[in-house]
Amino acid sequence: MSALDVDDFIQQNRALAEQVETFRGYWESEKHWEARREFILRNIKDYEEQQQDQLLSLSMVWANNVFLGCRYSTELLDKVQEMAEGIVVEDAPVFKTRDEIVKKQQGR
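Each chain has its residues counted from 1, following the order in which its sequence is written. Local features are withheld for residues below a pLDDT of 70 in this predicted model, meaning they are given only at 70 or higher, and side-chain atom pairs are given and counted only at 80 or more; totals for whole chains, interfaces and linings count all residues. Hydrogens and waters are ignored; side-chain quantities use all the structure's heavy atoms.

Looking up the protein chain in an unreviewed UniProt entry gives the name CDKN2AIP N-terminal-like protein, with the organism given as Betta splendens. The Sequence similarities (unreviewed entry) field of the UniProt record for the protein chain holds the comment "Belongs to the CARF family." UniProt positions are given in the numbering used here, feature names are shortened, and annotations may be inferred rather than shown by experiment.

Enquirer: Can you explain the overall build of the protein chain? Please cite residues and give values.
Expert: Here a helix means four or more residues in a row that DSSP labels H or I, a strand means two or more in a row labelled E, and each is numbered from the N terminus. Helix and strand content of the protein chain: six helices and zero strands. The burial tally for the protein chain puts 34% of its 108 residues in the buried class. We call two residues contacting when some pair of their heavy atoms lies within 4.5 Å. Taking as baseline every contact in the protein chain between residues at least 6 positions apart, the subset at least 24 positions apart corresponds to 53%. Accessible areas in this description were obtained via Shrake-Rupley with a 1.4 Å probe; residue shielding takes into account the shown protein chains only. Surface exposure of the protein chain reaches about 7,600 Å², of which carbon and sulfur atoms provide 48%. Any residue under 20% of the maximum accessible area for its type is buried, any over 50% is exposed, and the rest in between are partly exposed; the area is computed with a 1.4 Å probe on protein chains only.

Enquirer: Explain the nonpolar core to me, using residue names and the numbers behind them.
Expert: Joining through side-chain atoms within 4.5 Å is the link that ties buried Ala, Val, Leu, Ile, Met, Phe, Trp, Tyr and Cys residues into a set, and such a set is a nonpolar core. Judged by nonpolar contacts, the single largest core of 22 residues is most densely connected at Val20, Phe39, Ile40, Leu55, Trp62 and Val80. Sorting the residues of this core by element identifies α3 (30–43), α4 (52–68) and α5 (74–83) as the ones contributing at least two each. With eight residues, the single largest contributor to this core is α4. Other than its neighbours up to four places away in sequence, valine 80 contacts Phe39, Leu58, Val61 and Trp62.

Enquirer: Kindly report on the layout of surface pockets, identifying the contributing residues and their values.
Expert: Using only the protein atoms, space was sampled on a 1 Å grid; points where a 1.4 Å probe fits but cannot get out form cavities, open sets with protein on both sides within 12 Å along at least five of seven lines form pockets, and lining residues are those with an atom within 4 Å of a point. Grid points are joined across faces, edges and corners, and a volume is the space filled by probe spheres set on the points. In this structure, the second largest pocket encloses a volume near 250 Å³. Contributing to the lining of the second largest pocket are 13 residues, with Asn65, Gly69, Cys70, Arg71 and Phe95 lying nearest its centre. Going through the elements one at a time, α4 and α5 are the ones with two or more residues in the lining of the second largest pocket. Throughout this entry, Asp, Glu, Lys and Arg are counted as charged residues, while Ala, Val, Leu, Ile, Met, Phe, Trp, Tyr, Cys and Pro are counted as nonpolar. The remaining residues, Gly among them, count as polar. Grouping the amino acids of the lining of the second largest pocket by side-chain chemistry returns six nonpolar, four polar and three charged.

Enquirer: Hey, could you go over the pattern of salt bridges for me, with residue numbers and the actual values?
Expert: The term salt bridge refers to a pairing of a side-chain nitrogen on Lys or Arg with a carboxyl oxygen on Asp or Glu at a separation within 4 Å. Taken as a whole and judged by the stated rule, the model has four salt bridges. A salt bridge links glutamate 28 to arginine 36; the nearest nitrogen and oxygen atoms lie 2.6 Å apart. Since its relative accessible area comes to 2%, arginine 36 is described here as buried.

Enquirer: So, the confidence of the model for the protein chain: which residues are in play, and what are the values?
Expert: pLDDT is a residue-level measure of predictor confidence that goes from 0 to 100. The predicted model of the protein chain averages 86 in pLDDT, with 90% of residues at 70 or higher. Confidence scores differ between elements of the protein chain, with helix α1 (residues 3–12) showing the lowest mean pLDDT of 66 and α5 the highest of 97.

Enquirer: Residues and numbers for the side chain of arginine 42, please.
Expert: Secondary-structure assignment places arginine 42 in helix α3. A relative accessible area of 15% means that arginine 42 is categorised as buried. A distance of 3.4 Å separates a polar atom in the side chain of arginine 42 from the backbone oxygen of glycine 86. What qualifies as a polar contact is a pair of N or O atoms within 3.5 Å, subject to a donor-acceptor requirement within protein and to the restriction that residues adjacent in sequence count only when both atoms come from side chains.

Enquirer: An account of the packing of aromatic side chains is requested, with residue identities and associated values reported.
Expert: Between rings of Phe, Tyr and Trp, where Trp is taken as its six-membered ring, a pair exists when centres lie within 6.5 Å; planes separated by under 30 degrees are stacked, by over 60 edge-to-face, and by other angles tilted. Applying the stated criterion across every chain yields a total of two aromatic pairs. Ring centres 5.3 Å apart and planes at 85 degrees place the aromatic pair tyrosine 26 and tryptophan 27 in the edge-to-face group. Grouping residues by exposure puts tyrosine 26 and tryptophan 27 together as exposed. Arranged with centres 5.4 Å apart and planes meeting at 20 degrees, the rings of phenylalanine 39 and tryptophan 62 form a pair that is stacked. With phenylalanine 39 in helix α3 and tryptophan 62 in helix α4, the pair connects residues that are 23 residues apart, well separated along the chain. Taken individually, phenylalanine 39 and tryptophan 62 each receive the classification buried, so the pair is uniform in this respect.

In structure tokens:
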């Protein structure tokens, strides 16, 4: 879904869009929220109402990994990356592990 696709979807599904807006955290910047909202909208059809907490948790895992560099199990990251396939986050931060930094320093 591109940004235009998300906007079209929201226009056609106002009730769902309004519900999804209630999931925004007060700490989320517009950029962060737009990406996480797209993640939720792409996947909400695969989760029944009783499972929405699981979807919201997965959306936070994905957003925390992309925007904050949080690390999770390989299995979990593979799942959320598959769910987020095609979502473009412009100017996403790039994170390096301590081991990557030390290795680079030793290579000098």
